[in-house]
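Spelled out from the first residue to the last, the chains are:
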Amino acid sequence: MEHRQVIAYQQDLFIEQKQNAICQSDPCADVHQAKAGQAKQINKEKQQGRALTENLMTIVCSSQNLKQAYTQVKRNKGVAGIDQLPTDKFAAWFVEKGELLIKDLLQGNYQPQAVKQVEIPKPKGGIRKLGIPTVTDRIIQQAIAQVLSPIYEREFSGQSYGFRPRRNAQMALQQASEYVTEGRKVVVDMDMKSFFDEVNHDRLMYQLSTKIEDKTLLRLIRKYLQSGILSGGLISQRLKGTPQGSPLSPLLSNIVLDELDKELENRGHCFVRYADDFSIYVRSQKAGERVKQSVSTFITNKLKLKLNEEKSVVCEVDKTVLLGHTILKSGDLIIAKDNVERFKNAIRKVTKRNRGVSFEQVISELNPKLRGWFEYFKHTKSKSLFRELDAWIRRKLRCFRIKQTKRTIGLVRFLKKQGVVTYQSWIIALSGVGWWRKSAAPQIHQAMGNFWFREQNLFNLSLNFEKLNY
């Protein structure tokens, strides 16, 4: 009878509609007293200045924490790891294996599986290596991150903005813009070479041990750091670095680089850091060269990390790029040219004329890209650029649509349906120019004007920018 109740509890854990979920094989919320334990941890931290106690794994494995971790992993819609277990099948797996999993975690016997390595091309060349853990390991890592993040958040620098709650790239850009407005128009733009592949495990574990007393949790984190990598059918051991793509990696990277943040603060530098990208703002080229040399020495000798000397420069602020933006000497933000070109390349793929999909589908694919790009760059001084992009996008769509008419008579019928007089429709339809040239003709603009595109529900960059700045 009790065993059947345990199975029911485990099923409820991953049903989002259930308000009260249970996670472990015995009534763990009562036995381990996760919530009371968490409150006790926080109170002890305030009293003693220590972040964690030796019972932290109990909180990591608590029902509420695991349910929240599962919800987050499911929301991210990641692919399966090397065990081929998809996210939507994890709940059923947990019903059968959850009891043993929790037991192994609490006793320190759990062994993470290897991560699947994938290579993604970088926008400016090169390859970024991502590690895809199994769904089980992603949920466990997410559960660990949820417990550790509030503890470290209280100590992280105010100039660190990447992968942190209630912080984003726009806040980093705003801070950098304020530095420039104050007169710091020279930037020391530092680029770390393969940061996630170079993190020293021993230094990281030492940093963690200064706050974490739970030896079981520390051993589990080290296991994740050293878990194998599956590439080309072979599993190799990782001796350094943290795999990009895991839920725990962003927090660990901020813990590693918090030492750099504290050093820069102690030196009185004005800087912003977003993950492994950071920029220091100074008033002169000479000061920038001096800062670059001293900070490079600290990163290399103390943090045991590598700098990309070719990409680390000292220059005027408008000669470099920060998070896809260029900061003008006035402090205003504009969109970097490379990002505009990458955006146009993405639009070209969707509006490619030989795709063989409906015009409505093209619009539905375009709108999320347009909205996302606009949301990221909406705080820039780019009104004229948004107008130019809107006009270019409409022309790409006009070209796509008239090519769908295929024959001369088909184009004439389409234009007449849109209100173009018959003889004008025949003039453009019988012209010998290509589709791109035809898309700029007055007859085509008359048939597919701005109002027509609004009826098609096309997202308008410049119109939304004007609403935002009205």
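Residues numbered from 1 in each chain as written. Predicted model: local features only at pLDDT ≥ 70, side-chain atom pairs only at ≥ 80, totals over all residues. Heavy atoms only, no water.

### Remarks on the packing of helix 6 (residues 90–107) against helix 7 (residues 135–153)
For the pair helix 6 and helix 7, the least separation of the axes is 12 Å and the interaxial angle reads 55°. Between helix 6 and helix 7, the angle is such that the two are oblique. When you trace helix 6 past helix 7, the crossing you get is right-handed. Facing Phe-90, Trp-93, Leu-101 and Leu-105 of helix 6, the residues of helix 7 in contact are Val-135, Thr-136, Ile-139 and Ile-140. (Axes fitted to C-alpha atoms, helices over the stretch in contact; angles between N-to-C directions. Helix = DSSP H or I, 4+ residues; strand = E, 2+ residues; numbered from the N terminus. Parallel < 35°, antiparallel > 145°, perpendicular 65-115°, else oblique. Left-handed = near helix turned anticlockwise from the far one by under 90°. Contact = heavy atoms within 4.5 Å.)

### Digging into the pattern of salt bridges
The tally for this structure, following the rule as stated, stands at 17 salt bridges. Notably, a salt bridge pairs Asp-202 with Arg-222, separated by 3.2 Å at the nearest N-O pair. Of this pair, Asp-202 sits in helix 10 (residues 201–209) while Arg-222 is found in helix 11 (residues 215–226), placing the two residues 20 residues apart along the sequence. Arg-222 gets classed as partly exposed once you look at its relative accessible area, which sits at 26%. Each of Glu-316, Asp-318, Lys-319 and Lys-329 takes part in one network of salt bridges that share partners. (Salt bridge = Lys/Arg side-chain N within 4 Å of Asp/Glu carboxyl O. Buried < 20%, exposed > 50% of the residue type's maximum accessible area, 1.4 Å probe, protein only.)

### Looking at unusual backbone geometry
A positive phi angle, near 55°, is found at Lys-77, a position not held by glycine. Within the secondary structure, Lys-77 is located in the loop between helix 5 (63–76) and helix 6. Phi at Gln-84 is positive, roughly 65°, even though this residue is not glycine. Here Gln-84 is to be found in the loop between helix 5 and helix 6.

### Considering helix 14 (residues 337–350)
Spanning 14 residues, helix 14 covers 21 Å between terminal C-alpha atoms, matching the ideal 20 Å at 1.5 Å per step. Among the residues of helix 14, those classed as buried are Asn-339, Val-340, Phe-343, Lys-344, Ile-347 and Val-350. Down the axis of helix 14, the buried set is contained in an arc of 135°. They therefore lie on one face. Exposed and facing more than 90 degrees away from the buried side of helix 14 are Lys-337 and Lys-349. Contacts from the buried residues of helix 14 go to strand 10 (333–335), helix 15 (359–377), helix 16 (383–403) and helix 22 (461–468). (Expected span 1.5 Å × (residues − 1). Arc of directions from axis to C-beta.)

### Side note on the packing of aromatic side chains
Applying the stated criterion to the full structure yields 16 aromatic pairs. Among the aromatic residues, ring-to-ring pairing joins Phe-343, Trp-373, Phe-374, Tyr-376, Phe-377, Phe-386, Phe-459 and Phe-465 into one connected group. Above the plane of the ring of Trp-392 lies Lys-344, whose end atom (NZ or CZ) is 4.8 Å from the centre. We note Lys-438 situated over the ring of Trp-435; from NZ or CZ to the ring centre the distance is 4.9 Å. (Phe/Tyr/Trp six-rings, centres within 6.5 Å; stacked < 30°, edge-to-face > 60°. Lys NZ or Arg CZ within 6 Å of the ring centre and 35° of its normal.)

### A look at the nonpolar core
In this structure, Ile-144, Leu-208, Leu-260 and Ile-299 are the most contacted members of the largest nonpolar core, which totals 64 residues. Element by element, the count of residues in this core is highest for helix 7, at nine residues. Ignoring any residue separated from it by four or fewer positions in sequence, one finds Leu-208 in contact with Tyr-152, Leu-218, Ile-221, Leu-252 and Ile-255. Formed by 39 residues, the second largest nonpolar core is a distinct cluster that contains Val-350, Trp-392, Ile-393 and Val-412. (Core = buried A, V, L, I, M, F, W, Y, C linked by side-chain atoms within 4.5 Å.)

### Structural notes on the sheet that holds strand 6 (residues 270–274)
A sheet is described by the order of its strands in space; here four strands give the open sequence 6-7-3-8, paired in antiparallel fashion. Strands with a single pairing partner mark the edges of an open sheet, and in this sheet they are strand 6 and strand 8 (313–316). Here the strands of the sheet are splayed against their neighbours by 20° on average, with no regard to which way each runs. Pairing of strand 3 (residues 186–191) with strand 7 (residues 277–282) involves six bridges; the strand directions are antiparallel. The residue bridging Val-188 from the neighbouring strand is Ile-280, located in strand 7. Its contacts with the sheet put helix 13 (residues 285–301) on strand 3, strand 7 and strand 8, and the angle it makes with strand 3 is roughly 25°. (Pairing = 2+ DSSP bridges.)

### Observations concerning helix 5
When the terminal C-alpha atoms of helix 5 are compared, their 20 Å separation across 14 residues agrees well with the 20 Å that a helix rising 1.5 Å per residue should span. Residues of helix 5 that are buried: Ser-63, Asn-65, Leu-66, Lys-67, Ala-69, Tyr-70, Thr-71 and Val-73. Backbone geometry just downstream of helix 5 places Lys-77 in the positive-phi region, at approximately 55°.

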